[in-house]
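Coordinates in review
Here's the letter readout for the chains.
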Amino acid sequence: MRIIRGRYGRRRFDVPHNITARPTTDFARENIFNVIDNLIDLEGATALDLFAGTGAVSFELASRGCSLVTSIEKATVQYRFIIQVKQQLKADEVQPIRGDVFKFIETCDRRYDFIFADPPYDLPRLPEIPQLVLASPLVGPGTIFVMEHSRNNDFSHLPHFAQHRAYGSVNFSIFIVPEEDAR
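Since the model is a prediction, treat every value here as computed from it, not as a measurement.

Conventions adopted
- Residue numbers run consecutively from 1 along every chain, following the written order of its sequence.
- With pLDDT at 70 or above as the cut-off, local features in this predicted model cover only qualifying residues; side-chain atom pairs require 80 or more to be listed or tallied, and sums for whole chains, interfaces and linings still use all residues.
- Excluded from the side-chain calculations are hydrogens and water; all other atoms, namely the structure's heavy atoms, are used.
- Any two strands are treated as partners once DSSP identifies two or more bridges connecting them.
- Numbering of helices and strands runs from the N terminus; a helix is a DSSP stretch of H or I covering at least four residues, while a strand is a stretch of E covering at least two.
- Handedness is read with the strands pointing away from the viewer; a crossover is right-handed when the path from the first strand over the helix to the second is clockwise.
- Any two of the Phe, Tyr and Trp rings considered here, Trp counted by its six-membered ring, make a pair once their centres fall within 6.5 Å; the pair's planes then place it as stacked at under 30 degrees, edge-to-face at over 60, or tilted in between.
- The cut-offs for exposure are 20% and 50% of the maximum accessible area for each residue type, with area from a 1.4 Å probe on protein chains only; residues under the lower value are buried, those over the upper are exposed, and the others partly exposed.
- We count a charge as sitting over a ring when the NZ of a lysine or the CZ of an arginine lies within 6 Å of the ring centre and within 35 degrees of the ring normal.
- Contact between two residues is taken to exist if any of their heavy atoms lie within 4.5 Å; hydrogens are not considered.
- Only the stretch in contact is used when fitting a helix axis, every axis being a line fitted to C-alpha atoms; angles between N-to-C directions are given from 0 to 180 degrees.

1. Considering the pairing of strand β3 (residues 94-98)
- Pairing geometry for strand β2 (residues 68-73) and β3, over 5 bridges, is parallel. When the bridges of β3 are listed, V69 appears paired with V94.
- Each parallel crossover has a hand, and the one from β2 via helix α3 (residues 76-89) to β3 is right-handed.

This is how it looks when you write it as structure tokens:
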């Protein structure tokens, strides 16, 4: 795993061999962050990484100046890896939570400036995620939500959909909540 830019940029970490996540490729992550950098100033922003996997997106967000990055990961191996990298970087702004993303969305009442979701592509409830996030207290005026998915999904009909980006087989749907409209 490589952190691309920022305070922790160019740092590499060996991902455990028994990890069950499908990490976003460096190519796709670098390109989507180029888009994100043009949509939001991450310096001081609060961010949420759903289905955090290796934590690559969480650490990229922290590296680019987010004041808080909440990382939700259910799998023990991935969660422990996030903790290990957090300790090595002394990245206190990263707050890993081991738990179920759907329960977190249902119960969390904190608002975030930026939300990223990278669920397993074969997750049966994947199509529900954008609607659940956009209807939750996690979202407020100006929140940007990026959903990674396969080419088999199309979320362009949902409220606040702004754009779709594809990098190889990796697809992203970007939602932007207007400043004057929370939901």
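2. Regarding the packing of aromatic side chains
- This model, assessed by the stated rule, comprises 6 aromatic pairs.
- Centre to centre, the rings of F27 and Y167 are 6.2 Å apart; their planes meet at 85 degrees, and the pair counts as edge-to-face. Here the residue F27 occupies a position in helix α1 (residues 26-39), and Y167 occupies one in strand β6 (residues 161-167), the gap between them amounting to 140 residues.
- Judged by relative accessible area, which is 53%, F27 ranks as exposed.
- Seen from their ring centres, Y167 and F172 are 6.0 Å apart, and the 55 degrees between their planes marks the pair as tilted. Take Y167 and F172: they sit in the same class, and that class is buried.
- Each residue in the set F27, F116, Y167 and F172 is aromatic and connected to the rest through ring pairs, giving one cluster.
- Lying across the ring of Y112, R110 places its NZ or CZ 5.6 Å from the centre.
- The aromatic ring of F102 is capped on one face by R125, whose charged end is 4.0 Å from the ring centroid.

3. A closer look at the environment of V94
- Structurally, the position occupied by V94 is in strand β3.
- In this structure, the C-alpha to C-alpha distance between V94 and T70, residues 24 residues apart in sequence, is 6.0 Å.
- Non-local contacts of V94, meaning those with residues more than four positions away in its chain, are made with S58, F59, A62, V69, S71, I82 and K86.

4. Some remarks on the sheet that holds β3
- Pairing in this open sheet of 7 strands is mixed, and the strands run β3-β2-β1-β4-β5-β7-β6 from one edge to the other. If you trace the sheet from one side to the other, it starts and ends with β3 and β6, each paired once. Across the sheet, the mean angle from the axis of one strand to that of its neighbour is 15 degrees, orientation sign disregarded.
- Lying over the sheet, α1 contacts β4 (114-117), β5 (144-149), β6 and β7 (170-176), oriented at roughly 155 degrees with respect to β6.
- On top of the sheet, helix α2 (residues 56-63) reaches β1 (46-50), β2, β3 and β4; it is set at about 180 degrees to β2, its chief contact.

5. What to know about the side chain of Q78
- Within the secondary structure, Q78 is located in helix α3.
- If we skip the residues at most four places from it in the chain, Q78 touches I19, T20, A21, G53, T54 and E73.

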